[in-house]
Amino acid sequence: AALGRIDNPRAFPVVARLFVQARDDGTVRAGRHVLRTAEAHRLQGREAEWAAVYPDLERALADPDRRTAAREALELLRGPASG
């Protein structure tokens, strides 16, 4: 519940890592909600505050158990055009 109320770009890396590791639906839903707020911050030029998590997420793409979540987290943080 508290996770879903985070709206702080500095917290996005932690949320992204939790999202990729999450095993329960509640954490996944809350993490997805938080990471969707990244777009508003990106439009304000705040992406540099969480760009350091990208390499971790890109490494997670190699793990079959985390690949789908890592791809989604990257898209939510970078935007749909991120590839």
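Located above this text is the structure these notes cover.
Predicted model, so just to flag it, every value in this text is computed and none were measured.

1. Describing the overall build of the protein chain
Here is step 1 of the chain: Along the protein chain, the regular secondary structure elements total 5 helices and 0 strands.
Here is step 2 of the chain: Over its C-alpha atoms the protein chain spans a radius of gyration of 12 Å, differing by no more than 12% from the 12 Å that the globule rule assigns to 83 residues.
Here is step 3 of the chain: Along the first, second and third principal axes, the C-alpha set of the protein chain runs to 35 × 30 × 20 Å.
Here is step 4 of the chain: Per-residue burial over the protein chain gives 37% buried out of 83 residues.

2. Some words on the side chain of arginine 42
Here is step 1 of the chain: Note on placement: arginine 42 falls in helix H3 (residues 38-43).
Here is step 2 of the chain: At 4.6 Å, glutamate 39 is the nearest oppositely charged side chain to arginine 42, a buried residue that forms no salt bridge.

3. Quick look at helix H2 (residues 25-36)
Here is step 1 of the chain: Compared with an ideal rise of 1.5 Å per residue, which puts 12 residues at 16 Å, H2 spans 16 Å between its outermost C-alpha atoms and is within 8% of the ideal.
Here is step 2 of the chain: Every buried residue belonging to H2 is among Val28, Ala30, Gly31, Val34 and Leu35, and all of these are buried.
Here is step 3 of the chain: For H2, the elements touching its buried residues are helix H1 (12-21), H3 and helix H5 (67-78).

Rules and cut-offs
- Residues numbered from 1 in each chain as written.
- Predicted model: local features only at pLDDT ≥ 70, side-chain atom pairs only at ≥ 80, totals over all residues.
- Heavy atoms only, no water.
- Helix = DSSP H or I, 4+ residues; strand = E, 2+ residues; numbered from the N terminus.
- Rg over C-alpha atoms; globule rule 2.2 N^0.38 Å.
- Buried < 20%, exposed > 50% of the residue type's maximum accessible area, 1.4 Å probe, protein only.
- Lys, Arg positive; Asp, Glu negative; His and termini not counted.
- Salt bridge = Lys/Arg side-chain N within 4 Å of Asp/Glu carboxyl O.
- Expected span 1.5 Å × (residues − 1).
- Contact = heavy atoms within 4.5 Å.

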